[in-house]
Amino acid sequence: VRAAMPSAPIADWYFDDMHHHGAFALNLAFNFLSSFGRPRNGLVSEWPPRFDHGTPDGYRFFLELGPLANVNERHFHGEVPFWNELAAHPDDDGFWAARSTLRHLAGIRCAVLTVGGLYDAEDLYGAFHTYAAIEELNPGIASSLVMGPWSHGAWLRGDGRRLGDADFGFATAEAFRREVLLPFFAHHLKDGPAPEIPEAMVFDTGAKAWRSLEAWPPVGLERRGLFLAADGALAWQPPGAAGDGFDAFVSDPAKPVPYTADITTGWHAAYMTEDQRFASRRPDVLVYRSEPLTEPLTLAGELQVELWVSTTAGDADWVVKLVDEHPGRLAGFDPESGEEDLGHSERLVRSEIFRGRYREGYDRPRPFRPGEPSRVAFPLQGVLHTFAPGHRIAIHVQSSLFPFFDRNPQSWVANIFAAREADFVAATHRVYRRPAQQSAVAAGVLQAEVAAAAP
């Protein structure tokens, strides 16, 4: 083997595809396993029949499905082996550890180009962590990372100029295939000229440009905290005594927050670039906004969430979104141009969900004590995004992302796959912003001269 290109590699199914920080990817897993997961009797030449949901409305279908136990009782009848394994292993136990590829990536001698999409909702974890493991376990080999503004596998199909409402300014996938992919294999397989591929080639989703970086995460990041403050403010400094308070909302499993405004029974791949106003105007979504920026600001690398929270029930999910909030009128916008007016849009940069029962370890679920503040900390996947002058950085906090992820019953059950309808209860959640219990998102700020470096 002279060269390899891991593309959207699945690294660990407890963090890729099937789960995100313990929350179960309901829509993806159900639709995939309803056909692909059924046993075959011998060799087959045709794809199994697609599941008939009986409606195009995915929110209605999965809500009326009820608890996860109904999947087998109504539809799978125990005939999908991997679904049964999912139900038997809700925690990150030895079953999942045995299926992680990361510890097996030593001894690589060929050149490796790890490729992923910054908007790959299925295997974003896999691309970042596969690259990191290869780097750690194989010092000295030719290894690079490419992360573009793509959904799952889109770097090998289409031109990569748009995803949903997001326009990246040029055909990013075509450029990658022509200028990186073909020269990489031509050099290593056919002894062509050595391509000029940087250590990390990552697309800046705010500036709409490729960046050549000497490492990922980039070197020289200034770690700063974005602190949740009173009156929906987002500040670079801790709130201090004046911030001795909390914000609260009611989370109702009967009315979960949708993950997209365009819910079908299938997968809406473009949700990761979507305008979040459909969600941020709900009473069960907390929104914190910075002051308008006076100069460009680039956030890079993995973001770290630290929330101090409580709930009146026994369990809760926590969703955090990083959002680029546009000003009401963009500089230079021509209303006669026919272009989309992005005024006051809230473009999603990154989101992630964390199942609160795993705050002490993914293999050690623990209930919350009603009303008692607890620390919940987890990473958001890597970003490279420049916020333009006049824009605001926003953080959204909510407790559901449905039906991308299953509903948390919120009353305590040992295994959510075994929960019943009576276990699903509304609860009041609090997010604290006190001197000793400061909720914040830590981000890496990229130096201006590094952020401006193009390949």
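The shown structure was predicted, so the numbers you read here are calculated from the model rather than taken from an experiment.

The rules we used
- Every chain begins its residue count from 1, and numbering advances along the sequence as written.
- In keeping with the predicted nature of the model, local features appear solely for residues at pLDDT of at least 70, side-chain atom pairs appear and are counted solely at 80 or more, and the whole-chain, interface and lining totals rest on all residues.
- The basis for every side-chain value is the complete set of heavy atoms in the structure, and neither hydrogens nor water enter the calculation.
- When accessible area is computed with a 1.4 Å probe and restricted to protein chains, residues below 20% of their type maximum are described as buried, those above 50% as exposed, and intermediate ones as partly exposed.
- Note on conventions: DSSP H or I runs of at least 4 residues are helices, E runs of at least 2 residues are strands, and numbering of each starts at the N terminus.
- Pairing between two strands requires that DSSP report at least two bridges joining them.
- When the strands point away from the viewer, a crossover counts as right-handed if the path from the first strand over the helix to the second runs clockwise.
- We call two N or O atoms a polar contact when they sit within 3.5 Å, provided that within protein one can donate a hydrogen and the other can accept it, with sequence-adjacent residues counted only if both atoms are side-chain atoms.
- Whether two residues are in contact is decided by their heavy atoms: any pair within 4.5 Å suffices.
- Lines fitted to the C-alpha atoms define the axes, with helices restricted to the stretch that makes contact. Angles between their N-to-C directions range from 0 to 180 degrees.

Time to look at the pairing of strand β5 (residues 143-148). For a regular strand, side chains alternate in direction, first toward one face of the sheet and then toward the other. With 6 of its 6 residues buried, β5 lies for the most part within the structure. A two-sided burial pattern is seen for β5, the buried positions comprising S143, L145 and M147 on one face and S144, V146 and G148 on the other. Note that strand β4 (residues 111-117) and β5 share 6 bridges and pair parallel. Residue pairing in the sheet places V112 in a bridge with S143 of β5. In this region the chain leaves β4, passes through helix α6 (residues 124-137) and returns to the parallel neighbour β5; the handedness of that crossover is right-handed. Two elements, β5 and strand β8 (residues 200-204), share 3 bridges in a ladder whose sense is parallel. Within β8, the position partnered with M147 by the bridge is V202.

Glancing now at the side chain of T386. Tracing the sequence through the fold places T386 in strand β17 (residues 374-387). At 2.5 Å, the side chain of T386 forms a polar contact with the side chain of D204. When neighbours within four sequence positions are excluded, T386 is seen to be in contact with D204, G206, A207, P296, L297, T298 and D324.

Let's shift gears to the sheet that holds β4. Read from one edge of the open sheet, 5 strands run β1-β4-β5-β8-β9, paired in mixed fashion. Each end of this open sheet is capped by a strand with a single partner; those strands are β1 (3-4) and β9 (209-213). Contacts from α6 reach β4 and β5 within the one sheet, and its direction differs from that of β5 by about 165°. Along the sheet, helix α7 (residues 172-190) contacts β1, β4, β5, β8 and β9; its crossing angle with β4, the most-contacted strand, is approximately 165°.

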